[in-house]
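Listed here are the chains, written in short residue letters.
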Amino acid sequence: MLVSKLIRCSVVLGTAVMAIASWSASGSQARAEDVIRFGAPLPLTGPLAPEGIKQQQGYDLWAEQANKAGGISVGGKKYKVEIVYADYQSNTPRAVQTTEQMITQDNINFLFGAFGSGAAKAASTVSEKYKVPTIAAAASSSQVYDQGYKYLFGTFTPNDTLTTPLTQIIKAKAPEVKKVAILARNDLFPLAIAQEMEKSAKANGLEVVYFEKYAIGTLDHSATLSQIKSLDPQWIFVTGYINDLLLVRKQMVDQELKAPVVTMIAGPAYQDFIESAGQTADNITSASWWHPAERYEGKDIFGTTENFVKLFHDKYKSDPDYGQASAAVCGALFQIAIERAGSLDRDKVRDELAKLDVVTFWGPVKFGPNGQINSLEPPVFQIQGSKPVVLFPQAIKQGELKLGVN
Amino acid sequence: MTRANLALLIVLACLAALPLVGGAYALRLGTMASMYAILALSWNVVGGLAGYPSFATAAFFGFGAYATGVLLNAGAPLMLSILVSLVASLVLAGLLGAVLLRLRGHYFAIASLSLVGVLRELVNNATDLTGGGMGLNIPLASGSSIMADALFFFYGMWALLLATALMVIAVSASKLGFGLVCIRQNETAANMIGLNATLYKSIAFGLSACFVSAAGGLYAAWVHYIDPSDVFDILYSVKPIVMTLMGGLGSPLGAVCGAFLYLGLEEVVWRNYIQIHSGVLGVLIVALLLLLPHGLISLRFRNFWRKAKHV
Amino acid sequence: MLAAQIIINALVLGCLYACIAIGFSLVWGVLNVINLIHGSIIVLGAYLAWGVYQSMAISPWYVLPVAVPVFFVFGYLLQRLLLNRVLHAPVLVTLTLTFGLDLILNNAMIYFFKADYRKLTLKPPMGSVSLFHVVVPVDRLIATALALALTGLLYLLLRRSRVGRAIVAVRLDRDAAILMGVDVQSIYAIAFGIGAALAGCAGVLMALIFPISALTSTSYLDKAFVVCVLGGLGSVSGALAGGLLLALVEGIGSAAIGPAYATTLSFALLIVFLLFRPQGLLGRKGFE
């Protein structure tokens, strides 16, 4: 009886103490002198966790490389790089809260944007208010950049830069393709890019015979796929995250749904997709903002694309995809801007970012007036023989389009 | 007015003094705390007083968020949008309540849970109106400085909290409140003595929904971007329940204290246990339920006030 | 023939849904506890099958006999040590408790296995069979057959064995069962254990068909809910009926009004059933 009372009291006291501690404590300890702190709010748990972890890998690789070289040079003095992570649990409002917390409590100098267009846009309001330069590593929707903000930059070009070259290649190399079926996940990026695809298809004279959205967490697509099969399209375009695409691909094989061209965004860019799908991944086309096969001679800390891929491979034992590369290039771009500004003054760094015109391992980087990059030529690629082969742009083309997906 | 209700008002008055001691971030936490308190207090009306375990809080939170968001996008002023959401949800919940509250126990819990799912999917599919899965961008309600913004939303949420608290106090002192307690104890008997259970339950459900919707609306204006999975999140239904259980079922003061304590815990856990914070939260929930089934209230006021009756 | 294909797909899927829901239905029907950990246990079973296949190249169906005792013990202990203490507490407390437990289990899985999705692909792949223009994948057929076998086993257990009959007795009338000398505490733990074992086995079978990640646990749980309400609690035939109905509604709805609405439809159906026929298609009235 007494014991249970004691337990209860201690539980309450314990939680009360923790509650009080939470209000008074702040995240950071006394900081070392010559350190530049970058805030990185990421979805480390929740549905976006796989993507969040990829970003973390990119940031960490950059920080490691920068510190190996002694740090970032600011007006002659070397400053070490420190990245402060916080988990916003794949929840957009928490992303906003985390961003504010990092600025006010954790004393970060600069910010990496939250993952995805929605969270990046929401959190950018805070970073703009506090005038903290932010580079978003994974925000492609142009709506993110339409608020006239001066402190927000992004390394993904708008969605239509992925669908337009793709449609043009298909139209040129596969003239027998007349009907397109589009299946999109009902989520920000997958739906947005599917809508771009619809526009692109119509603009190029293709008939969109099917356009449907599937709910997040759908376990079974068999009815949808049977319907698509009955419409007999020559091009099947599916968007979603890697698990959705694996499932759809498997069920396509199950139902014996074949077509000359099958495009999936954004799974095939990932190594896990190719490994898990095995032979069924063959001849699937896709597009993304970057590909390890690219060959740029960068002026950033990583230098050539090949070097970046090699460094990544050494550290993580796998090839980087565009998510990790984008995160790393955000760090590299900050480094260039800070070194050019010669100071940690946020406005000066911001101005340097705005006038950047430099080639990096990610590609040529120049930000448009709204902060979104406009200098990239996103590659279109196809999986051939379990390996991604770049079809576009011409400069890094590795092979020709192959038709027929079984 | 009972001692506990007086204490509640005093707590709220103390909360209003927060801007004197904290900066913008503290105000942000304060706004969240007020919001959680609104959810917990509102839930208490249907869950604590009437004894119906409702999981529909998230449904009305999302409803309010989207209703206000859509109205703001159409150019309506903030106050009006929130007011419209409040009234709309009062009516909607009242009507739904008349239908759903015919169910009891587990079945009611599940029906209220599915309400969240139905509304979420409806919003998801009305892409033209709500942006569907792509989310809704909401224009900035005020374009001024950081502190002014933070103060505005803090006091806005606080005002809603005060309104909710007054509503709850009024209900518990009124015939409605008494009727709800009768319904919780024995609905059949209550019906037999002439109490119009359906009417009372519907009103309770409506009241439990309207301030939640208003809070959702203010929240949407605060964060500028909402999407269906964010606002129709089942956690917005579960957290108020945990908070109320922590504080003491049936007691408004308990609900508010539970909400503040829960927020404090959440902040501590979230900051310090990045990888395992939801697990730690789970452990806290389990520990609280097993060790403290009657909530904090039963501990402190044991001597001068009877334990809040649990369902 | 599109219609035939959709119906056959739905029937196969329906049996899988029934398999997902049967353990959940048993626990709800017998203990009157809504077990929110159910989805996570299924995922755990899937990880088990995947892990075994990765390291020892043993197919999932051989993992089933191992999964049964492992998960049974897990469920038994969970009930005996934790859930038993709140068994007679209000609905609210048990729901919130299992919610908290689910947070713990889910987080543990994400921590140890990471959130990325795994896929168990059999090498060589099993292909599909084609009958009168209707194509059915072989792995689903085998999983369906095994799922039906499991539900059949459960049915026999409940009807023929002593323990099974005791479980049914407790479900029908707890007090009368006590009077008949049934050790109800023990039966509760056994029933929960069986529920967990069924969930684990369902997970092993699902590993073949769906991607594996702790993030899918809510999807499984949602399906289990709907199947139970549609079909009725605590009975094998109820789970089957509910599963088939759900799959048919989803499939036909998907084809008729689009996959996005299919989910809304299943929720709406759930509410309609709750209002007008809460005991489900084959359940017994008067269950609270």
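Quantities reported herein were computed from a predicted structural model and do not represent experimental measurements.

Undergrad: Summarise the pairing of strand β14 (residues 380-384) of chain A; cite the residues concerned and give the values.
TA: All names here are of chain A. Across the five residues that make up β14, a large majority, five, are buried. Across the two faces of β14 the burial is the same, with Val380, Gln382 and Gln384 and Phe381 and Ile383 all buried. In this structure, strand β11 (residues 284-287) lies alongside β14, joined through three bridges in antiparallel fashion. If you follow Thr285 over to β14, its bridge partner there is Gln382. As judged from the five bridges shared by β14 and strand β15 (residues 387-392), these two strands associate in the antiparallel manner. Each bridged residue has a counterpart across the sheet, and for Val380 the counterpart in β15 is Phe392. Count of turn residues in the β14/β15 antiparallel hairpin: two residues, of which Gly385 carries a positive phi of about 60°.

Undergrad: Please set out unusual backbone geometry residue by residue, giving values where relevant.
TA: Residues and elements named next belong to chain A. Between Ile265 and Ala266 the backbone carries a cis peptide bond, its omega angle lying at 20°. Within the fold, Ala266 resides in the loop between β10 (261-265) and α9 (271-277). In this chain, Phe392 is followed by Pro393 through a cis amide linkage whose omega measures 5°. Relative to the elements of secondary structure, Pro393 occurs in the segment after β15. For Lys317, which is not glycine, the phi dihedral falls at a positive 60°.

Undergrad: Let's hear about the domain arrangement of chain A: which residues, and what values?
TA: All names here are of chain A. By domain assignment, chain A separates into domain 1 (32-157 + 293-366) and domain 2 (160-288 + 380-396). Distance between the C-alpha centres of domain 1 and domain 2: 30 Å. At the junction of the two partners, domain 1 supplies 13 residues and domain 2 supplies twelve residues. Carbon and sulfur atoms make up 63% of the area that domain 1 and domain 2 hide from each other, which totals about 1100 Å². The interface formed by domain 1 and domain 2 includes zero salt bridges. In this assembly, domain 1 and domain 2 are joined by two residue pairs in polar contact (both at pLDDT 80 or more). In the side of domain 1 that touches domain 2, the residues fall into three nonpolar, five polar and five charged.

Undergrad: Which residues make up the environment of Gln398(A), and what values go with them?
TA: Residues and elements named next belong to chain A. You can see Gln398 is positioned in the segment after β15. Here the alpha-carbon distance between Gln398 and Val358, two residues 40 residues apart in the chain, equals 25 Å. For Gln398, the residues in contact, after removing those within four places along its chain, are Ala293, Pro388, Val389 and Val390.

Undergrad: Let's hear about helix α9 (residues 217-231) of chain C: which residues, and what values?
TA: Turn by turn, an α-helix covers 3.6 residues, leaving residues three or four places apart pointing in a common direction. Residue and element names in this part refer to chain C. Counted at 1.5 Å a residue, the expected span for α9 with its 15 residues is 21 Å, and the 21 Å between its end C-alpha atoms agrees. Of all 15 residues that make up α9, 13 are buried, and the element is covered over most of its length. Of the residues trailing α9, Gly232 is marked for its positive phi of about 105°.

Undergrad: Outline the side chain of Asp220(A), supporting the account with residue identities and numerical values.
TA: You can see Asp220(A) is positioned in the loop between β8 (207-214) and α7 (222-231). Here Gln251(A) takes part through its side chain, which lies 2.9 Å from a polar atom of the side chain of Asp220(A). Side chain to side chain, Asp220(A) and Arg140(C) meet in a polar contact 2.9 Å long. With residues near it in sequence (within four places) discarded, Asp220(A) still touches Gln251(A), Leu13(C), Tyr17(C) and Arg140(C).

Undergrad: Help me get a handle on helix α6 (residues 188-203) of chain A, residues and values and all.
TA: Residues and elements named next belong to chain A. Compared with the 22 Å implied by 1.5 Å per residue over 16 residues, the 23 Å span of α6 between its first and last C-alpha is a close match. Within α6, burial applies to Leu188, Phe189, Pro190, Leu191, Ala192, Ile193, Ala194, Glu196, Met197, Ser200 and Ala201. Downstream of α6 by a residue or two, Gly205 has a phi angle that is positive, lying close to 80°.

Undergrad: Summarise the packing of helix α8 (residues 146-173) of chain B against helix α9 (residues 175-185) of chain B; cite the residues concerned and give the values.
TA: All names here are of chain B. Remark: α8 packs on α9, axes separated minimally by 4 Å, with the N-to-C direction vectors making an angle of 70°. The angle between the axes of α8 and α9 places the two elements in the roughly perpendicular class. On α9, the residues touching Val171, Ser172 and Ala173 of α8 are Lys175, Leu176, Gly177 and Leu180. Considering only residue class, the contact of α8 with α9 consists of four nonpolar, two polar and one charged.

Undergrad: Describe the sheet that holds strand β3 (residues 77-87) of chain A, and please don't skip the residues or the numbers.
TA: Strand pairs in the sheet, formed through backbone hydrogen bonds, run parallel or antiparallel to each other. Residue and element names in this part refer to chain A. Strand order in the open sheet made by the six strands is β2-β3-β1-β4-β5-β6, with mixed pairing throughout. Each end of this open sheet is capped by a strand with a single partner; those strands are β2 (72-74) and β6 (152-154). Sheet twist, expressed as the average angle between the axes of neighbouring strands with direction ignored, equals 30°. Note: β2 against β3, three bridges, orientation antiparallel. Bridging across to β3, Ser73 finds its partner in Lys78. Lying on the sheet, helix α11 (residues 322-341) is in contact with β1 (35-42), β2, β4 (110-112) and β5 (134-136); it crosses β4 at an angle near 160°. Across the sheet, helix α12 (residues 346-354) touches β4, β5 and β6, and the angle it forms with β6 is around 35°.

Undergrad: Provide a residue-level description of the side chain of Asn9(C), including the pertinent values.
TA: Note on placement: Asn9(C) falls in helix α1 (residues 2-31). You can call Asn9(C) buried: its relative accessible area is 9%. Side chain to side chain, Asn9(C) and Ser226(A) meet in a polar contact 3.1 Å long. Filtering out sequence-adjacent residues up to four positions away, Asn9(C) remains in contact with Ser222(A), Ala223(A), Ser226(A), Gln255(A) and Val135(C).

Undergrad: Before we move on, can you summarise the interface of chain C and chain B with the specific residues and values?
TA: Each partner contributes to the interface: chain C provides 38 residues, whereas chain B provides 44 residues. For the pair chain C and chain B, the two sides together bury roughly 3500 Å², of which 79% comes from carbon and sulfur. Linking chain C with chain B are zero salt bridges. For the interface between chain C and chain B, the tally reads two residue pairs in polar contact (both at pLDDT 80 or more). Only α4 (91-113), α9 and α11 (259-276) of chain C provide two or more residues apiece to the side of chain C that touches chain B. By residue number, the principal contributor to the side of chain C that touches chain B is α4(C), which donates 13 residues.

Undergrad: Please provide a residue-by-residue account of the packing of aromatic side chains, values included.
TA: For the structure on display, the rule yields 42 aromatic pairs over all chains. Aromatic pair Phe24(C) and Trp28(C): ring centres 6.0 Å apart, planes at 70°, arrangement edge-to-face. Here the residue Phe24(C) and the residue Trp28(C) both occupy positions in helix α1, the gap between them amounting to four residues, near one helical turn. Neither residue differs from the other here; Phe24(C) and Trp28(C) are each classed as buried. Judged by centre distance (4.1 Å) and plane angle (25°), the ring pair of Tyr47(C) and Phe113(C) falls under stacked. Residue Tyr47(C) is located in helix α2 (residues 38-56), and its partner Phe113(C) is located in helix α4; the two are separated by 66 residues in the primary sequence. Judged by relative accessible area, Tyr47(C) falls into the buried class, the value being 4%. Since its relative accessible area comes to 29%, Phe113(C) is described here as partly exposed. Here the aromatic cluster, defined as three or more aromatic residues joined through ring pairs, consists of Phe156(A), Phe189(A), Tyr270(A), Trp289(A), Trp290(A), Phe302(A), Phe308(A), Phe312(A), Tyr316(A), Tyr322(A), Phe361(A) and Trp362(A).

Undergrad: I'd like to hear about a nonpolar patch on the surface, residue by residue, with values.
TA: Where nonpolar side chains cluster on the molecular surface, the patch consists of Leu83(B), Val87(B), Leu90(B), Val91(B) and Leu95(B) and spans about 450 Å² of accessible area. Checked against the element boundaries, Leu90(B) lands in helix α5 (residues 78-100).

Undergrad: Describe in detail the pattern of salt bridges, supporting the description with residues and values.
TA: Applying the stated rule across the entire model yields 26 salt bridges over all chains. Asp321(A) is the partner of Lys54(A) in a salt bridge, and the nearest nitrogen-oxygen pair spans 3.1 Å. Of this pair, Lys54(A) sits in helix α2 (residues 49-68) while Asp321(A) sits in the loop between α10 (305-316) and α11; the two residues are 267 residues apart in sequence, bridging distant segments of the chain. Take Lys54(A) and Asp321(A): they sit in the same class, and that class is buried. As a salt-bridge pair, Lys121(A) and Asp146(A) come within 3.4 Å of each other at their nearest N and O atoms. Taken together, the positions of Lys121(A) in helix α4 (residues 117-129) and Asp146(A) in the loop between β5 and β6 put the pair 25 residues apart, joining distant regions of the chain. Taking the relative accessible area as the measure of exposure, Lys121(A) reaches 9% and is therefore buried. What you see here is one network of salt bridges that share partners, running through Arg94(A), Lys239(B) and Glu266(B).

Each value, and the rule that gives it
Residues numbered from 1 in each chain as written. Chains lettered and ligands numbered in written order. Predicted model: local features only at pLDDT ≥ 70, side-chain atom pairs only at ≥ 80, totals over all residues. Heavy atoms only, no water. Buried < 20%, exposed > 50% of the residue type's maximum accessible area, 1.4 Å probe, protein only. Helix = DSSP H or I, 4+ residues; strand = E, 2+ residues; numbered from the N terminus. Pairing = 2+ DSSP bridges. Domains from an automatic or database assignment. Contact = heavy atoms within 4.5 Å. Buried area = accessible area lost by both parts, 1.4 Å probe. Salt bridge = Lys/Arg side-chain N within 4 Å of Asp/Glu carboxyl O. Polar contact = N/O pair within 3.5 Å; in protein donor to acceptor, adjacent residues only side chain to side chain. Nonpolar A, V, L, I, M, F, W, Y, C, P; charged D, E, K, R; others polar. Expected span 1.5 Å × (residues − 1). Axes fitted to C-alpha atoms, helices over the stretch in contact; angles between N-to-C directions. Parallel < 35°, antiparallel > 145°, perpendicular 65-115°, else oblique. Phe/Tyr/Trp six-rings, centres within 6.5 Å; stacked < 30°, edge-to-face > 60°. Patch = residues over 30% accessible without salt bridge, like charges linked within 9 Å, V, L, I, M, F, W, Y side chains within 5 Å. Areas by Shrake-Rupley, 256 points an atom, 1.4 Å probe, with all protein chains shown as cover.

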